[in-house]
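These are the residues of each chain, in order.
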Amino acid sequence: MKLSRRRFLQSSMALSAASMTTLPHTAFAQQSRTATSDYKALVIVFLKGGNDAYNMIVPTSPREYETYQATRPNLALTPTEIHPISLTTENQVNLGIHHAMSDLVPLFESGDASVFVNSGQLLTPTTRSTIAASLSPLPRFLMAHNMQQDMWQTGATYYNSPQGWAGRMMAMLSEKTEISPLISLNSQTRLNISDQLPQTVLNSNGIGQYSGWHDPIYVDEYFSHFDGDFDNIYTQYFTDTMKKSVIENAELKTILESHPSTAVYPETNLAAQLKMVSRMIQARQALYHQQQVFFVSIGGFDTHVNQKPTHHALLENIAQAFTAFNSDLTQQGMNKNVITLTMSDFGRRVLSNESGTDHGWGGHQLVMGGAIKGLQAYGEWPDLTPNSEDDYNHGRIIPGIAADQINASIARWFGLSDNQVLELFPNLSNFPSPYIDFINRDENEQLPHWHATTVYQNNDLVTHNGQTWQAAWWTQGNEPDKHEVWKLVTTEENNLIAIWSASRIYREHDIVTHKNIQWKAAWYTKGEEPGTTGEWGVWRKKG
Amino acid sequence: MFSHKDLQSRGQYFHFLQRATFGARSQDIEEMITLGLSPWFEAQTQTPIGYHLPLVQQAVIDEMRDRATGSIRIGVWYQHAITAQDQLRQRMAYALSQIFVISQNGLGNRHDEMAAYYDMLLDHSFGRFRDLLWAVTLSPMMGRYLTLRGSRKANPKTNSFPDENYAREVMQLFTLGLWQLNERGEAILDEQGQKIPSYTQNDVQELARALTGWQGGHLSTPMTARNKFHDMGQKVILGTVFPPNQTAEQDLEQVVDLLVNQPNTPVFIANLLIKRFVTSNPRPEYIERVSNTFINNGQGIRGDLQATLWAILTDEDALQGIGDQGNQSSAQQTYHFGLLKEPILVITNQARALNMRCVTRWRDFISSNNSLGQAPLAANSVFNFYLPDHAPQGEINQHGLTAPEATLLTTYQMQTMHNKIVRNIEAYRAKPHHHNNWTYDITPFLNLHADPDRYVAFMNEQIFGGTMPNRIIQRILNVLNHQINVKYGTQRVKTTLYIAFTAPEFFSQEACL
């Protein structure tokens, strides 16, 4: 498409005016305007350099605290430096948080934040013994910054792929929009690379203006460069980038000017990035974005020396920025639509250096948002004793949760099927479940309560007096526990036994019948037909 | 010492100088044609070194400051890039600073020490790789940046262990790279088709032990060994035994020899340097030829950086403009030759084309880090401003090629870089009290604009060394003949400079055949 100055000015005016109908994707846009409840965003906060997670989340149970203290005596937090957060791991260890993050304590207590304990890159469930017996292939170049940063963004299997998992996910889900919903702050990131969609790179300073363009000749001459057709691949790339940047700059400027930030944020770089994210979330309808993925980052975590003061300041910075972002989203009413998740190259070694720590493997990640199931921590607290089953070597702890299981759970929340999730993360077929069940099911997908005036068709499900019932034929006005049309379909473990339905969500251990065969769900699923998901898929023959 | 290779056209000299300097000026092209390629190169290596630290220290004294600032250090850097006589050495040191990375992001306000580090790179730019690696390892700035300074042997009392930071990065980024490479720079694959790591975590741990015990140092004084904190036990690194009871110095001697002599090192460094000077996508043959020069300069010496640089700049692929075909046909090789200029080079090219100078003192007039997304010794991490194998989305990625510098060309950065280019065009107006501004003399342009043909020939020579694309020439003539009346001379000059300095060809480094 030839882009003239006139066309450029027209298109920016079109954006600034309300006449959005002149742009493509109208149908999609109208749909998105009515569907805020379906809107979802993921905000990745990357802690660059390898966060010393073992000094961010600390056990408060006496036995585990003692081991922690003995393992790193010169760096261990003292009990007064730890704030309890009333979260317990799956193996019943109580947790506390570094006192620099005390701002986050209310979020843990309200259930708006939680922790993935000891997560990291894994291809298969792994322990010290399985490594010794060569039973567990290890992710490539553990402990190398760039390779590990890439793996969080590509998944452990496709670390060599130019595309990130979020880029691949959005290519499966999203229609093309003028401004791509794969949004990174300050520089391109692997996470948001897709072969279908471009990546939007925003600066937290906002959008500037091209100087000199009050003179129309300058604009004409700049635009005339876009017409060049170059043999040299770099010159052509630059020309394309010039053109794309001018258009994107103008569109983002218009959109951001009509979505100013009204919330108060601390004066930090991380907070400025999250503030920009919040404005893009506010602008989701103007952008025609049904889903958005954001990547923000904060550096300085490679604390080989002088760790105590450096780490303290970094954690405080995160806690303040997260708190501000959470309260901004809550005020916008968007808290349930956004999940914020930390990632970091790796956890650091539990054993220390002279005044810092070295590269390790497993670490803990924070998660925040109204959609998460809080009030519990995910994962098991590992045994930090040197040479334990959880020790890879010298206090580099083997993760219990695969980072990809967390990613997969978010991809499912965004709307991918199990098959699509396993396409992104093939390594997860090695795990009992590809998912960590930390996200609440959508409210609009909960079963309806039975109602006397509603008409029910064959196989419809309702809840009534705390139990789940399925209609055997057409019915109206017959109360479930009083009439034979309603079959009780709840098992002793409170799981379902029902006729499979494509529109219904099933939880782990739910049982369905489909084509006269009983199937049991291995994890949360929706829309996948029993008998089509393969031997290791979600539906396993009950027997 | 070098074979005499001369170039076919004036345009080729221009392009050669674009690679070898911070911008080819008309007078540089004349000088090189007069001298010949090899004598020019030889003369450059003999030109007195333009050191950075003395100018930084002088600025601190003159301005009665407590310490150097980033604007002073980066201003001195631009001063040398734009005006220094030892252009080839300055350009080489800049390339080395993007391999042996230290950064103010992590080192804070130690700008005088960073200038001293840069001077160390200048000293070794045409020297031996082994000496460079030794000096980098013991530099107090690298010691602070990658935290080797103060690393001690394991201490059972505190359950603490040697620092692995430098040990890891010296292998991953300064010598071996992650994967074992053949002599053409391609990854070697095992029976399963997998790349083979060039070192293991155990090598990192063992190397960290061998490098314990270094501390102190300041400015150009290297760190010194305190053997009380050095691990005297036996180590095994990359399959080589380091016998027990070696001092920190003895272990370091053995470490440096081991790393320099690894088969990966020549080919790994050759690829990185070619990407800084000539093309983002060298053919394996090109990498191999440069690597062979690194292995042996013809006199049995390994790691001769001067010979390596000559091999890079005068290789047949560089002079004939041949790049890697990627996954395309070999007919595409010519179009894949070259690179996207990093924003710093765009600005120094512009400043040298305009013969820019400063009003009183060179400062970081353009706020390099913010407006260009990069500044010397200011990368975000030891991984530099960009990764050498970065492949931006689109044609470059699809063709199996790389363009590391594309990392910096974000929508935001494109606009801020544009504005600095415009600001430089406006800088002729700087007044004496604008004492930290850069400026240039606009009169040579004003003297000619009324004669469009002579004017455009002059611009062509100043900015493109005679290689200005015809499309740009026609745009400029159109403005002069039809758009802006001859009575608005300044406006005619500024507008036409704008056309030339925003032309896509100005932002890429291509071949000229």
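Residues numbered from 1 in each chain as written. Chains lettered and ligands numbered in written order. Predicted model: local features only at pLDDT ≥ 70, side-chain atom pairs only at ≥ 80, totals over all residues. Heavy atoms only, no water.

With that settled, consider the overall build of chain A. Secondary structure assignment for chain A yields 13 helices and 26 strands. For chain A, whose C-alpha radius of gyration is 26 Å, the value lies close to the compact-globule estimate of 24 Å for 543 residues. C-alpha atoms of chain A, sized along the principal axes, occupy 80 × 70 × 45 Å. By residue count, 59% of the 543 residues in chain A fall in the buried class. When contacts within chain A are restricted to residue pairs at least 6 apart in sequence, those whose partners lie at least 24 apart make up 64%. Of the charged side chains in chain A, 38 are positive and 53 negative; the average position of the first set lies 3 Å away from that of the second. (Helix = DSSP H or I, 4+ residues; strand = E, 2+ residues; numbered from the N terminus. Rg over C-alpha atoms; globule rule 2.2 N^0.38 Å. Buried < 20%, exposed > 50% of the residue type's maximum accessible area, 1.4 Å probe, protein only. Contact = heavy atoms within 4.5 Å. Lys, Arg positive; Asp, Glu negative; His and termini not counted. Charge placed at Lys NZ, Arg CZ, Asp CG, Glu CD.)

This part takes up the overall build of chain B. Looking only at helices and strands, chain B has 25 helices and eight strands in total. Relative to a compact globule of 513 residues, whose C-alpha radius of gyration would be 24 Å, chain B shows 24 Å and is just as compact. Its C-alpha atoms give chain B principal-axis dimensions of about 80 × 60 × 45 Å. Taking all 513 residues of chain B together, the buried fraction comes to 63%. Pairs at least 24 apart in sequence give 70% of the contacts found in chain B among residues at least 6 apart. Just so you have it, chain B exposes about 18100 Å², and 47% of that area is on carbon and sulfur atoms. Each charge class in chain B was averaged separately, 44 positive and 47 negative side chains, and the resulting centres sit 8 Å apart. (Areas by Shrake-Rupley, 256 points an atom, 1.4 Å probe, with all protein chains shown as cover.)

With that out of the way, let us pick up the confidence of the model for chain B. Residues of chain B with pLDDT of at least 70 account for 99%, and the chain-wide mean is 95. Taken together, the chains of this predicted complex give a pTM of 0.87 and an interface ipTM of 0.97. (pLDDT = per-residue confidence, 0-100.)

Residues and elements named next belong to chain A. Taken in spatial order, the four strands line up as S21-S23-S24-S26 in an open sheet, and their pairing is mixed. Taken across any chain shown, the strands that pair with only one partner, and hence form the sheet edges, are strand S21 (497–499) and strand S26 (539–541). With strand direction ignored, the average angle separating the axes of adjacent strands in the sheet is 35°. As judged from the four bridges shared by strand S23 (residues 511–514) and strand S24 (residues 517–521), these two strands associate in the antiparallel manner. Residue pairing for S24: Thr513 is matched across the bridge by Gln518. (Pairing = 2+ DSSP bridges. Axes fitted to C-alpha atoms, helices over the stretch in contact; angles between N-to-C directions.)

Here we come to the pairing of strand S5 (residues 113–120) of chain A. All names here are of chain A. Of all eight residues in S5, eight are buried, a share of seventy percent or more. Direction of pairing for S5 relative to strand S15 (residues 401–402): parallel, over a ladder of two bridges. Considered in S15, the bridge of Ser119 is made with Ile401.

This next bit is on the interface of chain B and chain A. Interfaces are often described in size by the accessible area the parts lose on coming together. Taken together, the contact between chain B and chain A spans 75 residues of the former and 70 residues of the latter. Interface area, chain B with chain A, both sides summed: about 6100 Å², of which 57% is carbon and sulfur. Inspection of the chain B/chain A interface yields four salt bridges. With a closest N to O distance of 3.1 Å, Arg349 of chain A and Glu164 of chain B form a salt bridge. For the interface between chain B and chain A, the tally reads 35 residue pairs in polar contact (both at pLDDT 80 or more). Elements with a minimum of two residues in the side of chain B that touches chain A: helix H11 (165–172), helix H12 (201–210), strand S5 (339–340), helix H20 (395–398), helix H21 (411–426), helix H24 (470–483) and helix H25 (489–501) of chain B. The element contributing the most residues to the side of chain B that touches chain A is H21 of chain B, with nine residues. When the residues that make up the side of chain B that touches chain A are grouped by side-chain class, the tally is 29 nonpolar, 32 polar and 14 charged. (Buried area = accessible area lost by both parts, 1.4 Å probe. Salt bridge = Lys/Arg side-chain N within 4 Å of Asp/Glu carboxyl O. Polar contact = N/O pair within 3.5 Å; in protein donor to acceptor, adjacent residues only side chain to side chain. Nonpolar A, V, L, I, M, F, W, Y, C, P; charged D, E, K, R; others polar.)

All names here are of chain B. For the structure on display, the rule yields 38 salt bridges over all chains. Arg10 serves as the salt-bridge partner of Glu30, at 2.6 Å between the closest nitrogen and oxygen. Within this pair, whereas Glu30 is found in helix H2 (residues 26–35), its partner Arg10 is found in helix H1 (residues 10–20), the two being separated by 20 residues in sequence.

Time to look at the sheet that holds strand S20 (residues 486–488) of chain A. Sheets are built from strands that pair by backbone hydrogen bonding, the pairs being arranged parallel or antiparallel. All names here are of chain A. Within the open sheet, the three strands sit side by side as S17-S18-S20. Their pairing is antiparallel. Bordering the open sheet on either side are strand S17 (461–464) and S20, each of which pairs with just one other strand. Strand after strand, the sheet turns through a mean of 40° between neighbouring axes, direction not considered. By the bridge criterion, four bridges tie S17 to strand S18 (residues 467–471) in an arrangement that is antiparallel. If you follow Thr463 over to S18, its bridge partner there is Thr468.

This brings us to the packing of helix H9 (residues 233–257) of chain A against H21 of chain B. Packing of H9 of chain A against H21 of chain B leaves a shortest axis separation of 9 Å and a crossing angle of 100°. It follows from the interaxial angle that H9 of chain A and H21 of chain B lie roughly perpendicular. Only Thr411, Met414, Gln415 and Met417 of chain B of H21 of chain B make contact with H9 of chain A, whose side of the interface consists of Phe238, Thr241, Met242, Lys244, Ser245, Glu248 and Asn249 of chain A. Per-class residue counts for the contact of H9 of chain A with H21 of chain B are four nonpolar, five polar and two charged. (Parallel < 35°, antiparallel > 145°, perpendicular 65-115°, else oblique.)

Burial analysis of helix H6 (residues 145–154) of chain A places ten of its ten residues in the buried class, the great majority of the element. Note on H6 of chain A: the residue one or two positions beyond its end, Gly155 of chain A, has a positive phi of about 90°.

With that out of the way, let us pick up the environment of Ile44 of chain A. Residue and element names in this part refer to chain A. Inspection of the secondary structure puts Ile44 in strand S1 (residues 40–47). Given a relative accessible area of 0%, Ile44 falls into the buried group. For the pair Ile44 and Val296, spaced 252 residues apart in the sequence, the C-alpha separation amounts to 6.1 Å.

Residue and element names in this part refer to chain A. Of note in this structure, Gln92 is not a glycine but carries a positive phi near 65°. The backbone phi angle of His509 is positive, close to 80°, even though this residue is not glycine. The residue His509 is located in the loop between strand S22 (505–506) and S23 in this model. Residue class for His509 comes out partly exposed when judged on its relative accessible area of 39%.

Another aspect to go through is the side chain of Thr124 of chain A. Checked against the element boundaries, Thr124 of chain A lands in the loop between S5 and helix H5 (128–132). Residues within four places of Thr124 of chain A in sequence aside, it is in contact with Ser136, Pro137, Asn430 and Phe431 of chain A.

Quick look at the packing of helix H23 (residues 452–464) of chain B against H24 of chain B now. Between two packed helices, both the angle of their axes relative to each other and the distance between the axes serve to describe the pair. All names here are of chain B. Packing of H23 against H24 brings their axes to within 10 Å, and their N-to-C directions diverge by 140°. Taken as axis vectors, H23 and H24 run oblique relative to one another. The element H23 and its partner H24 pack so that their crossing is right-handed. In this structure, H23 uses Pro452, Asp453, Tyr455, Val456, Met459 and Asn460 to contact H24, whose residues at the interface are Ile473, Ile476, Leu477, Leu480 and Asn481. Of the residues assigned to the contact of H23 with H24, the class counts are eight nonpolar, two polar and one charged. (Left-handed = near helix turned anticlockwise from the far one by under 90°.)

The subject of this paragraph is the environment of Tyr199 of chain B. Its location among the elements puts Tyr199 of chain B in the loop between H11 and H12. The contacts of Tyr199 of chain B, once residues within four sequence positions are left out, are Phe141 of chain A together with Arg168, Met171, Gln172, Leu176, Gly177, Leu178, Val204 and Leu238 of chain B.

With that out of the way, let us pick up the side chain of Ser371 of chain B. Tracing the backbone through its elements, the reader meets Ser371 of chain B in helix H19 (residues 368–372). If we skip the residues at most four places from it in the chain, Ser371 of chain B touches Ile366, Gln413, Thr416, Met417 and Lys420 of chain B.

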